[in-house]
Amino acid sequence: MKGAFDWLDHRTGWRGWLDEILFENIPGGASWRHAWGGAVIFGLGVEFITGFFLWLGYSPSSLTAWESVYYIQDHWAGGWLLRGVHHFMADALVILLGLHWMQLVVQGAYRAPREINYWVMFGLLLFVIGAATTGYELAWDQHGYWGSKVRLGYVGLAPVVGPALQKLAMGGPDLGSYTLTRFFAVHAGLFPLGILALLVIHAAVTRRHGRFSPPTRSEASVHYWPDQALRDGIGCLVVLAAVIGTVVWHRSAGQGTSPGAYLGAPADPFDRYDAARPEWYFRWLFQFIKYFPGTLEVWGAVIIPGLVLAVIFLMPFAGHWKLGRRFNVVWMCGIALSAMVLTFISLRDDQRNTDYHAAVASALRDAQRARVLASAPSGIPATGAVTLMRGDPFTEGPKIFAQKCANCHRYDGHDGTGKIPKGAQSASDLKGFGSRKWLAGLLSDPASTNYFGGTKHRTGKMVKFVNTDVAKFSPDDRANLEKVIAAISAEAQLKSQAAADQRDAAMIAQGRALLQNGMRCTECHQFHKPDEDATAPDLTGYASRDWLVRFIGNPAHADFYGDHNDRMPAFGADHVIDAQDIGLVADWLRGDWYEP
Amino acid sequence: MDNESQRPRGDDRRGFLKRCCAGAIGGALVLVPLTTGMGLLLEPLRRGAGGGQLVRVATLDALPADGVPRRFPVVARRVDAWTTFPDSQIGAVFLRRTSDGAIEAFNVACPHAGCFVDFLPAARTFHCPCHNSYFTIEGNVATPSSPAPRPLDSLAVEVRNGNEIWVRFQNFLSGRVAKTPAA
């Protein structure tokens, strides 16, 4: 064996290389201080490895990005751990490099002849942040998409080159597949190569000048292996344990969203997302920009941060003088402190913002729902997972209701999405519409605001009938009424009532018979038999999907309220809402959506 | 920098322990990130062979009575990575009536290298244009110069509802003597 090694060494000199690495001189003895470098290189190595494996399963296009990431997290063994490590190690690298930079400034390690090393090290921090920022968007979920839209907007603010730069980054006039291909090329190609180049320069320059050691250390120098290697290894182990611990904790706290790093609902350019926030290391900038409204924005977003960066880069020159070194430390402390204060203010403002809380809750609901829909047996269609969301009554119904119906109607007292509308309620509360409970309420207190109270039907024949005749019903009549209610409710064929309707088939048959012969309903309403004299809404198929879609389409149709219609618009006949949306809100009101 | 003469000569036991620990930690640091990706990398090896999909292909009246094979596309649900195509062409079959009244189905893929075979009505044989394999009407290899290692792959057929022909469609690995499902 030794012969083989000798043969190779004679030709390549590999032993010399190994000696250089393992037996590098560490002046001042092994120290934990030097473990930074090892931890950063380890972190970068982990990112390269996990990045490559993710690359095996990721597809950068607007129709396949979210879908491939969802698959990695939910369908591939260990995929959640892989993406989680990749995500949180990036955060760890930003922290490590940030702290390392602060340590360099405090110890004045940028002084001659180590200026280049200082710039390379700070450049490394910027490249890592760049890689993290481009990586953030690649999942193409609502959070990443809208965050990127905002960020690219700021790019466009830069003086002179802004608009052109923005177009180059987006790959066109707007965000789309070309944005993903460009961001991915930069994320997996440009930044890694840049980082490698910086590391090579860093290693070369460090070798040339020897590792920096503060003058206070007096121990004799040692070799890298095994003393410093051990310290480096333990440092890396701590970082790895922290990252994996975060991923595992995140999985258990995920509340039904995709396990591992967060994955929101698929990006939808037409679905406003109010919960957008940047990553934690940009929070300070997010808050800072708020103090520069309107045309001043470019100062807060580009110019002032740019000047701050310039001072950081010039620190080695300021470091020639003792006062300059003091200034550098003060500048660094100022930056760190301001960043922390701004971040704190931003988080505190969010905590007090109820609209933001509602937006976050809605985003979480959408993320969970996207996962449920994507894992349905019918799978994800070729048009992308976003079409699953757009065709889902559970997701779209409340939004359509809030926009188009909640001006007058209510759903369990709110607008369908949880907010209380500002105006007064002037039409019925539609939660449980068509159910036995809802109908029983109508037939006991129709003048309440939850039924006809806000409309002109408050003084109509139905209200009079219930308040005078039904109020005087004998117990036998009440029993009959219960059967009639069950029969009308069965017309709706509500999913939630399917079992009860089947169980009570006999009662429903009796109710039907009573409706046609005995109860007075058919004096005004039509029920299965055509009736030219009917003046009230048709009870045939009441609250069924077809009935509801036609009703929303035109409540003034002869089958419904006819000339007695109050103010409800003909949403379909007058083209206020398109047919798909009417179907979605009807399905939602009837509780008819996919459940696993 | 002259490192050659500065090999470590520290206290042997402590030095040995340090070296062991450093080595072990180093090993763990390399292995843990690698294992997170192993699931993704090796996933294609994990999936077992499915039994094929039962697909409605044609009706009995579409088959000629004289036993001449006719080609039909197989349209079924197809899953490609994360996308589900509900009605997509996943292959094609030749269907024919045998002399004893049964229905026979062959996968159109040639067992040699996967090209699609044609049926030559004049010669009443199947022919693969890629490397000139010939098969009899029963699917057996017809000439000694045919490079096909086995006969055309036959598939299970069911007749349902009186006249619907359903085929259990599957693909098989090409180039092998044994008929092995490709899944």
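That block above? That's the structure.
Everything numeric here is computed off the predicted structure, so don't read it as measured data.

Chemist: I'm lost on the overall build of chain B in this one. Help?
Modeler: Helix and strand counts for chain B stand at one helix and ten strands. Reading chain B from its N end, one meets helices and strands in the order α-β-β-β-β-β-β-β-β-β-β. Relative to the globule expectation of 16 Å for 183 residues, the C-alpha radius of gyration of chain B, 28 Å, shows a markedly less compact shape. In terms of overall dimensions, chain B has a C-alpha envelope of 95 × 40 × 30 Å along the principal axes.

Chemist: Quick question: what am I supposed to make of the interface of chain A and chain B here?
Modeler: In this assembly, 44 residues from chain A lie in contact with 31 residues from chain B. Between chain A and chain B we count one salt bridge in total. Two residues, Asp 227 of chain A and Lys 18 of chain B, come together in a salt bridge whose shortest N-O distance is 2.4 Å. Where chain A touches chain B, the interface holds four residue pairs in polar contact (both at pLDDT 80 or more). Within the residue set of the side of chain A that touches chain B, elements represented by two or more residues are α2 (14-22), α3 (35-55), α4 (65-75), α5 (79-107) and α10 (224-252) of chain A. Tallying contributions element by element places α10 of chain A first for the side of chain A that touches chain B, with eleven residues.

Chemist: I tried to follow the sheet that holds strand β7 (residues 133-135) of chain B on my own but got confused; where do I start?
Modeler: The strands making up a sheet are joined through hydrogen bonds of the backbone, oriented either antiparallel or parallel. Residue and element names in this part refer to chain B. Here we have three strands laid out as an open sheet, ordered β5-β6-β7, and antiparallel in their pairing. Two strands in the sheet have a free side with no partner beyond their single neighbour: β5 (118-120) and β7. Ignoring strand direction, the axes of neighbouring strands in this sheet form an average angle of 30°. Here β5 pairs with strand β6 (residues 125-128) via three bridges, running antiparallel. Across the sheet, residue Leu 120 finds its bridge partner in β6, namely Thr 125.

Chemist: Hey, could you run me through the state of the cysteines in this one?
Modeler: In a disulfide, the sulfur atoms of two cysteines are covalently bonded to one another. Under the counting rule described, the total for this entry stands at one disulfide over all chains. Among the cysteines around Cys 236 of chain A, which has no disulfide bond, Cys 21 of chain B carries the closest sulfur, lying 15 Å off. A disulfide-free cysteine, Cys 20 of chain B has its sulfur positioned 7.0 Å from the sulfur of Cys 21 of chain B, the nearest such atom. Cys 20 of chain B gets classed as partly exposed once you look at its relative accessible area, which sits at 40%.

Chemist: I would appreciate a short explanation of the packing of helix α6 (residues 115-137) of chain A against helix α7 (residues 142-155) of chain A in the present structure.
Modeler: Helix-helix packing is described using two parameters, namely the angle between the two axes and the distance between the axes. All names here are of chain A. One way to put it is that α6 packs onto α7 with a least axis distance of 7 Å and a crossing angle of 125°. Classified by the angle between their axes, α6 and α7 sit oblique to one another. Note on element contacts: α7 touches α6 through His 143, Gly 144, Ser 148 and Arg 151, opposite Thr 133, Tyr 136 and Glu 137. Per-class residue counts for the contact of α6 with α7 are one nonpolar, four polar and two charged.

Chemist: Before we go on, may I ask you to explain the environment of Asn 161 of chain B in this structure?
Modeler: Residue and element names in this part refer to chain B. Within the element layout of this structure, Asn 161 appears in the loop between β9 (157-160) and β10 (164-169). What makes Asn 161 exposed here is its relative accessible area of 65%. Residues Asn 161 and Gly 51, 110 residues apart in the sequence, show an inter-C-alpha distance of 23 Å. In terms of polar contacts, Asn 161 uses its side chain to reach the side chain of Glu 164, at 3.2 Å.

Chemist: Would you explain the sheet that holds strand β2 (residues 70-80) of chain B in this entry?
Modeler: All names here are of chain B. Strand order in the open sheet formed by four strands is β2-β3-β4-β8, and the pairing between neighbours is antiparallel. The open sheet has two free edges, formed respectively by β2 and β8 (154-155), since each of these has just one partner strand. For strand β4 (residues 103-107) and β8, the ladder comprises two bridges, and the chain directions are antiparallel. Residue pairing in the sheet places Phe 106 in a bridge with Ser 154 of β8.

Chemist: Honestly, the pattern of salt bridges in this entry has me stumped. Any pointers?
Modeler: Working definition: two side chains of opposite charge can pair if their charged atoms are close together. All names here are of chain A. Evaluation of the coordinates by the stated rule reveals 31 salt bridges over all chains. A salt bridge links Asp 274 to Arg 272; the shortest N-O distance between them is 2.7 Å. Under the relative-accessibility criterion, Asp 274 is labelled partly exposed at 41%. Its relative accessible area of 65% is what places Arg 272 among the exposed residues. Between Arg 283 and Asp 350 there is a salt bridge, with its nearest N and O atoms 2.8 Å apart. Placement of the pair is Arg 283 in helix α11 (residues 283-289) and Asp 350 in helix α14 (residues 322-352), with a sequence separation of 67 residues. Both residues of the pair, Arg 283 and Asp 350, count as buried. Connected via shared salt-bridge partners are Lys 2, Asp 6, Asp 9 and Arg 15.

Chemist: Hey, could you run me through the environment of Phe 288 of chain A in this one?
Modeler: All names here are of chain A. Looking at where Phe 288 falls in the secondary structure, it is placed in helix α11. Along the chain, Phe 288 and Tyr 154 lie 134 residues apart, while their C-alpha atoms are 13 Å from each other. Residue contacts for Phe 288: discarding those within four places in its chain leaves Gly 300, Ile 304 and Leu 342.

Chemist: Could you clarify how one ought to interpret the nonpolar core in this entry?
Modeler: Nonpolar side chains in soluble globular proteins tend to be buried together. Of all hydrophobic cores here, the largest spans 50 residues; its most connected members are Phe 401, Phe 433, Trp 438 and Tyr 542 of chain A. Among the elements of the structure, α17 (393-405), α18 (436-442), α19 (461-469), α20 (475-492), α22 (505-516), α23 (545-553) and α24 (579-589) of chain A are those that each provide at least two residues to this core. With 49 residues, the next largest nonpolar core counts Ala 92, Leu 230 and Val 239 of chain A together with Ile 25 of chain B among its residues.

Chemist: Got a minute to help me understand the packing of aromatic side chains in this structure?
Modeler: By convention here, two paired aromatic rings are described through the distance between centres and the angle between planes. Under the criterion given, the structure shown has 33 aromatic pairs over all chains. With 5.1 Å between their ring centres and 55° between their planes, Tyr 58 of chain A and Phe 184 of chain A make a pair best called tilted. In this pair, Tyr 58 of chain A is assigned in the loop between α3 and α4 and Phe 184 of chain A in helix α9 (residues 177-209), connecting sequence segments 126 residues apart. In this pair, the class of Tyr 58 of chain A matches that of Phe 184 of chain A, namely buried. Look at Trp 140 of chain A and Tyr 145 of chain A: their rings are 5.1 Å apart centre to centre, the planes differ by 90°, and that puts the pair in the edge-to-face class. No difference in accessibility class separates Trp 140 of chain A from Tyr 145 of chain A, as the two residues are buried. These aromatic residues form a ring-pair network of at least three members: Phe 433, Trp 438, Tyr 451, Tyr 542, Trp 547, Phe 551, Phe 560 and Tyr 561 of chain A. Directly above the aromatic system of Phe 116 of chain B lies the positively charged group of Arg 71 of chain B, at a separation of 5.9 Å from the ring centroid. For Arg 160 of chain B, the ring lying beneath its charged end belongs to Trp 166 of chain B, and the centroid distance is 4.7 Å.

Chemist: Just checking my understanding: could you explain the pairing of β6 of chain B for this structure?
Modeler: Successive residues of a regular strand alternate their side chains across the two faces of the sheet. Residues and elements named next belong to chain B. The alternating pattern of β6 places Thr 125 and His 127 on one face and Phe 126 and Cys 128 on the opposite face, and all of these are buried. Adjacent in sequence and paired antiparallel, β5 and β6 are bridged by four residues, among which Arg 124 carries a positive phi angle near 50°. The turn joining β6 and β7, which pair antiparallel and follow one another in sequence, is formed by four residues; a positive phi near 60° is taken by Asn 132.

About the thresholds
Residues numbered from 1 in each chain as written. Chains lettered and ligands numbered in written order. Predicted model: local features only at pLDDT ≥ 70, side-chain atom pairs only at ≥ 80, totals over all residues. Heavy atoms only, no water. Helix = DSSP H or I, 4+ residues; strand = E, 2+ residues; numbered from the N terminus. Rg over C-alpha atoms; globule rule 2.2 N^0.38 Å. Contact = heavy atoms within 4.5 Å. Salt bridge = Lys/Arg side-chain N within 4 Å of Asp/Glu carboxyl O. Polar contact = N/O pair within 3.5 Å; in protein donor to acceptor, adjacent residues only side chain to side chain. Pairing = 2+ DSSP bridges. Axes fitted to C-alpha atoms, helices over the stretch in contact; angles between N-to-C directions. Disulfide = S-S within 2.5 Å. Buried < 20%, exposed > 50% of the residue type's maximum accessible area, 1.4 Å probe, protein only. Parallel < 35°, antiparallel > 145°, perpendicular 65-115°, else oblique. Nonpolar A, V, L, I, M, F, W, Y, C, P; charged D, E, K, R; others polar. Core = buried A, V, L, I, M, F, W, Y, C linked by side-chain atoms within 4.5 Å. Phe/Tyr/Trp six-rings, centres within 6.5 Å; stacked < 30°, edge-to-face > 60°. Lys NZ or Arg CZ within 6 Å of the ring centre and 35° of its normal.

Spatial relationships are all this shows, so hold off on functional conclusions.
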